[in-house]
Amino acid sequence: MKSYFITGTDTDVGKTWIIAGLARAFRNMGVNIGIMKPFAAGTLQKTGFKSKDVEILSRAAKVNDPENLVNPQFFPIPASPYTAMKNSEVHVKVNVDLILQNFKKLSSIHDFMLVEGMGGIMTPILKNYYVTNLINDLNLETIIVTRTRIGTLNHTIMTCKMAKKYSIHVRGIIINQIDLDGYDVNVLKDDIEDVTGFSVLGTVPFFKTLDIDQIANIFQTKFNLKILN
Ligand SMILES: Nc1ncnc2c1ncn2[C@@H]1O[C@H](COP(=O)(O)OP(=O)(O)OP(=O)(O)O)[C@@H](O)[C@H]1O
Ligand SMILES: [Mg+2]
């Protein structure tokens, strides 16, 4: 099976929860799925996993891989790796080789990998090295998560244009309906497809209470997961 890099049109568009639902759906279907969050940044959790995202993803995929394998680099401030690394309180140096080695290790123990990006597609990792470069070095196809807020078309088009510029293969776009006062999802789907030329794989609705199994159920009943094989 193919592995995918999941990027978003911005931070907070729902990448983690979308991957969590997808990973659980594949696990329910008997697939030996693995997850990875190469770089995580944010508040250090007091117990368990350092990164909340890594905790959600590991639980969703039902994996017991060590945190330092799944998330080789953690920055304890909410910032891009490039910005975090310049902060004197952060003692982590970006190590892309480590990310690539860990991805290889995880790929050898799982049949299928879902890798979460950080922020959007142009989040800087090093000077002149962005998420786009990481996707290319990992040699992965990409799925873009977008939201429904007015303004999302601008972000979605920019993300798709940059993906094309870096010759990244975009498998499709998932609309996450986190903004109930935003675009009508059917109108948004048509406009995204018309303007970008990429297909919308489906929509994940707004949930008052987020539950991995409920999102997984959306993927198993409303999406055609076979096309991701
Ligand atoms: N379908 C949804 N319904 C309701 N709330 C959602 C939905 N998807 C995500 N959220 C909420 O939106 C917020 C952002 O989601 P998430 O953490 O998955 O974003 P992200 O793109 O992974 O962010 P980051 O760039 O920090 O990794 C979270 O607070 C989450 O609870
Ligand atoms: Mg996340």
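Residues numbered from 1 in each chain as written. Chains lettered and ligands numbered in written order. Predicted model: local features only at pLDDT ≥ 70, side-chain atom pairs only at ≥ 80, totals over all residues. Heavy atoms only, no water.

Colleague: Explain the overall build of the chain to me, please; I cannot follow it from the model alone.
Modeller: A count of helices and strands for the chain gives nine helices and ten strands. Its C-alpha radius of gyration of 17 Å places the chain within 12% of the 17 Å reference for a compact globule of 229 residues. Considering only C-alpha atoms, the chain reaches an extent of 45 × 40 × 30 Å along its principal axes. Looking at the chain as a whole, 52% of its 229 residues qualify as buried. A separation threshold of at least 6 residues defines the contact pool for the chain, and within that pool the share at least 24 residues apart is 77%. (Helix = DSSP H or I, 4+ residues; strand = E, 2+ residues; numbered from the N terminus. Rg over C-alpha atoms; globule rule 2.2 N^0.38 Å. Buried < 20%, exposed > 50% of the residue type's maximum accessible area, 1.4 Å probe, protein only. Contact = heavy atoms within 4.5 Å.)

Colleague: Help me understand the site of ligand 1 in this model?
Modeller: Taken together, 17 residues lie around ligand 1, and Thr11, Lys15, Thr16, Asn176 and Leu210 are the ones closest in. Lys37 places a polar side-chain atom, nitrogen or oxygen, 3.4 Å from an oxygen atom of ligand 1. With respect to ligand 1, the side chain of Glu116 contributes an N or O atom lying 3.0 Å from an oxygen atom. For ligand 1, the protein covers 76% of the area, taking 630 Å² as the surface of the free molecule. For the shell around ligand 1, the element with the highest residue contribution is helix α1 (residues 15–28), accounting for three residues. Partitioned by chemical class, the residues of the shell around ligand 1 number seven nonpolar, five polar and five charged. (Near = heavy atom within 4 Å. Polar contact = N/O pair within 3.5 Å; in protein donor to acceptor, adjacent residues only side chain to side chain. Areas by Shrake-Rupley, 256 points an atom, 1.4 Å probe, with all protein chains shown as cover. Nonpolar A, V, L, I, M, F, W, Y, C, P; charged D, E, K, R; others polar.)

Colleague: Just checking my understanding: could you explain the coordination of the magnesium ion (ligand 2) for this structure?
Modeller: Octahedral metal centres with six donors ideally show angles of 90 or 180 degrees, and tetrahedral centres with four donors ideally show 109.5 degrees. Looking at the magnesium ion (ligand 2), the protein donor atoms are Thr16 (OG1), Asp53 (OD) and Glu116 (OE), and they sit 2.0 to 2.2 Å from it. Counting along the primary sequence, the residues that act as donors to the magnesium ion (ligand 2) give the motif T-x36-D-x62-E. Within this pair, whereas Asp53 is found in helix α2 (residues 52–61), its partner Glu116 is found in strand β5 (residues 112–116), the two being separated by 63 residues in sequence. (Donors = N, O, S within 2.8 Å, 3.2 Å for Na, K, Ca; no water.)

Colleague: Teacher, can you tell me more about the pairing of β5 here?
Modeller: Within a regular strand, the side chains alternate between the two sheet faces. Where burial is concerned, most of β5 is hidden: five out of the five residues are buried. In β5, alternate side chains face the same way, and those of Phe112, Leu114 and Glu116 on one face and Met113 and Val115 on the other are all buried. Direction of pairing for strand β1 (residues 4–8) relative to β5: parallel, over a ladder of three bridges. The partner of Ile6 across the bridge, within β5, is Glu116. (Pairing = 2+ DSSP bridges.)

Colleague: Can you help me understand the packing of aromatic side chains in this one?
Modeller: One pair of aromatic rings is described through two measures. These are the centre distance and the angle between the planes. Evaluation of the coordinates by the stated rule reveals four aromatic pairs. Ring geometry for Phe26 versus Phe112: centroids 4.7 Å apart, planes at 75 degrees, classification edge-to-face. Note that Phe26 is positioned in helix α1 and Phe112 in strand β5, a separation of 86 residues in sequence. With a relative accessible area of 1%, Phe26 lands in the buried category. Relative accessible area serves as the criterion here: at 1%, Phe112 is assigned to the buried category. Between the aromatic rings of Phe39 and Phe75, the centroid separation amounts to 6.3 Å while the plane-to-plane angle is 25 degrees, which identifies the pairing as stacked. Of this pair, Phe39 sits in strand β3 (residues 39–41) while Phe75 sits in strand β4 (residues 73–75); the two residues are 36 residues apart in sequence, bridging distant segments of the chain. (Phe/Tyr/Trp six-rings, centres within 6.5 Å; stacked < 30°, edge-to-face > 60°.)

Colleague: Hey, could you run me through the packing of α1 against helix α9 (residues 212–222) in this one?
Modeller: Axes are the key here: two packed helices are described by the angle between their axes and the distance separating the axes. Interaxial distance between α1 and α9 falls to 7 Å at its minimum, and their mutual angle equals 70 degrees. Accordingly, the angle class assigned to the pair α1 and α9 is roughly perpendicular. For the pair formed by α1 and α9, the contact residues are Trp17, Ile18, Ala20, Gly21, Leu22, Arg24, Ala25 and Asn28 on the first element and Ile212, Asp213, Ile215, Ala216, Phe219 and Gln220 on the second. (Axes fitted to C-alpha atoms, helices over the stretch in contact; angles between N-to-C directions. Parallel < 35°, antiparallel > 145°, perpendicular 65-115°, else oblique.)

Colleague: It is not clear to me how the environment of Thr203 should be interpreted in this structure. Could you clarify?
Modeller: Structurally, the position occupied by Thr203 is in strand β10 (residues 200–204). For Thr203, a relative accessible area of 24% puts it in the partly exposed group. Spatially, the C-alpha atom of Thr203 lies 4.6 Å from that of Ile175, the residues being 28 residues apart in sequence. Leave out the neighbours within four places in its chain, and Thr203 touches Ile175, Gln177, Val185, Ile218 and Phe223.

Colleague: Teacher, can you tell me more about the environment of Ala40 here?
Modeller: By the element assignment, Ala40 lies in strand β3. A relative accessible area of 2% places Ala40 in the buried class. Taking the C-alpha atoms as reference points, Ala40 and Ser80, separated by 40 residues in sequence, lie 9.0 Å from one another.

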